[in-house]
Amino acid sequence: PFFGGSLVTSVLATPLFALLGSKMVVLKLVPVLTHLVAVGFLFCILRRWVSRRSAWIAGLLFALGSPGYTYLTTIAWGSHLESNALGLGCMWLLLRIHDGGEQTGRRALLGFLGGFSMYFGLQCALFLLALLIVDVLKNRALLKRREFIAQVAGFALGFSPWLIYNLNNSFSGMVLYD
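Below, the structure is looked at part by part. These numbers were taken from a predicted model, which means no experiment stands behind them.

**Quick word on the overall build of the protein**
No. 1: Per the secondary structure count, the protein includes 8 helices and 0 strands.
No. 2: When its helices and strands are written in sequence order, the protein yields α-α-α-α-α-α-α-α.
No. 3: For the protein, the proportion of contacts with a sequence separation of at least 24, taken over those separated by at least 6, is 66%.
No. 4: Between the averaged position of the 14 positive side-chain charges in the protein and that of its 6 negative side-chain charges there is a distance of 10 Å.

As structure tokens, then:
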């Protein structure tokens, strides 16, 4: 599929339907839960690297945004809004990496999350490119290190469902509309 996020949203909704029944409210739980994850990542990022007050303010503004945005966060599209959680997760991991400590595992996880976010929705490419530019500018020797190889391998693993689908279907996932 063009957006793997629609498939992921369907897979996440399946156990909820099995537990709570097939109601429209149950389908709306998936985007609401992914939005809560995004709010959690935003809160953690700002609390750790800015201040506790800014984390609370931004978290509340993001969670209780404008009526249009809040309405859109309850629609199970499996694309832009749900990918906010993946993008903020990538940012949180990158900031944790720059704090120091064990790098290879975090780099592999960052790569996997980045690759999966690209599978989820190709719009994440711009955000991931911005993170890569910041990462390389902060540490110019990154491209020569073993940790970067782990990150690329993680990305390949996370992006592999998109690649496998498109190789098997003559890249029909690149067609937006028929």
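**Regarding helix α5 (residues 80-99)**
No. 1: Between its terminal C-alpha atoms α5 stretches 29 Å, which fits the 28 Å expected from 20 residues at 1.5 Å a residue.
No. 2: All of the buried residues in α5 are L81, E82, S83, A85, L86, G87, L88, G89, C90, L93, L94 and I97.
No. 3: Against α2 (24-49), α3 (52-63), α4 (67-72), α6 (104-120) and α7 (124-138) lie the buried residues of α5.
No. 4: G100 lies just past α5 and shows a positive phi near 105°.

**With respect to the state of the cysteines**
No. 1: Overall, the coordinates contain 0 disulfides when judged by the stated rule.
No. 2: With no disulfide of its own, C44 has C90 as its nearest cysteine by sulfur position, at a separation of 15 Å.
No. 3: What makes C44 partly exposed here is its relative accessible area of 27%.
No. 4: Here C124 is not cross-linked by a disulfide; its sulfur's nearest cysteine counterpart is in C90, at 7.7 Å.
No. 5: In this structure C124 comes out as buried when scored by relative accessible area, which is 6%.

**Topic: α3**
No. 1: In a regular helix each residue adds 1.5 Å, so 12 residues correspond to 16 Å; α3 covers 16 Å between its end C-alpha atoms and thus fits that length.
No. 2: Residues A55, G59 and F62 constitute the buried set of α3. Down the axis of α3, the smallest arc covering the buried residues is 70°, so these residues share one side. Facing away from the buried side of α3 by more than 90 degrees, the exposed set consists of R53 and L61.
No. 3: Lining the buried residues of α3 we find α2, α4 and α5.

**Some points on a nonpolar patch on the surface**
No. 1: A cluster of nonpolar residues, L126, L129, L132, I133 and L137, forms a patch on the protein surface that exposes about 480 Å² of accessible area.
No. 2: Tracing the sequence through the fold places L129 in helix α7.
No. 3: When its relative accessible area of 45% is taken as the criterion, L129 is described as partly exposed.

**Thoughts on the packing of α5 against α6**
No. 1: Between α5 and α6, whose axes approach to 9 Å, the crossing angle comes to 160°. In terms of their interaxial angle, α5 and α6 are classed as roughly antiparallel. Here α5 and α6 pass one another in a crossing that is left-handed. Where α5 approaches α6, its residues E82, S83, L86, G89, C90, L93, L94, R96 and I97 are matched on the opposing element by R106, R107, L109, L110, L113, G114, F116, S117 and F120.
No. 2: The residue inventory of the contact of α5 with α6, partitioned by class, reads 10 nonpolar, 4 polar and 4 charged.

**Some remarks on the pattern of salt bridges**
Opposite charge on two side chains permits them to pair, given that their charged atoms come into close proximity.
No. 1: Following the criterion strictly, the structure yields 3 salt bridges and no others.
No. 2: Of the charged contacts, one joins D135 and R107 as a salt bridge, the two residues approaching to 2.4 Å between their closest N and O atoms. Taken together, the positions of D135 in helix α7 and R107 in helix α6 put the pair 28 residues apart, joining distant regions of the chain.
No. 3: Take R107: its relative accessible area is 2%, and that puts it in the buried class.
No. 4: Of the charged contacts in the structure, one is a salt bridge between E147 and R145, with a shortest N-O distance of 3.2 Å.
No. 5: Residue class for R145 comes out partly exposed when judged on its relative accessible area of 29%.

Scoring rules and cut-offs
- Residues numbered from 1 in each chain as written.
- Predicted model: local features only at pLDDT ≥ 70, side-chain atom pairs only at ≥ 80, totals over all residues.
- Heavy atoms only, no water.
- Helix = DSSP H or I, 4+ residues; strand = E, 2+ residues; numbered from the N terminus.
- Contact = heavy atoms within 4.5 Å.
- Lys, Arg positive; Asp, Glu negative; His and termini not counted.
- Charge placed at Lys NZ, Arg CZ, Asp CG, Glu CD.
- Expected span 1.5 Å × (residues − 1).
- Buried < 20%, exposed > 50% of the residue type's maximum accessible area, 1.4 Å probe, protein only.
- Disulfide = S-S within 2.5 Å.
- Arc of directions from axis to C-beta.
- Patch = residues over 30% accessible without salt bridge, like charges linked within 9 Å, V, L, I, M, F, W, Y side chains within 5 Å.
- Areas by Shrake-Rupley, 256 points an atom, 1.4 Å probe, with all protein chains shown as cover.
- Salt bridge = Lys/Arg side-chain N within 4 Å of Asp/Glu carboxyl O.
- Axes fitted to C-alpha atoms, helices over the stretch in contact; angles between N-to-C directions.
- Parallel < 35°, antiparallel > 145°, perpendicular 65-115°, else oblique.
- Left-handed = near helix turned anticlockwise from the far one by under 90°.
- Nonpolar A, V, L, I, M, F, W, Y, C, P; charged D, E, K, R; others polar.

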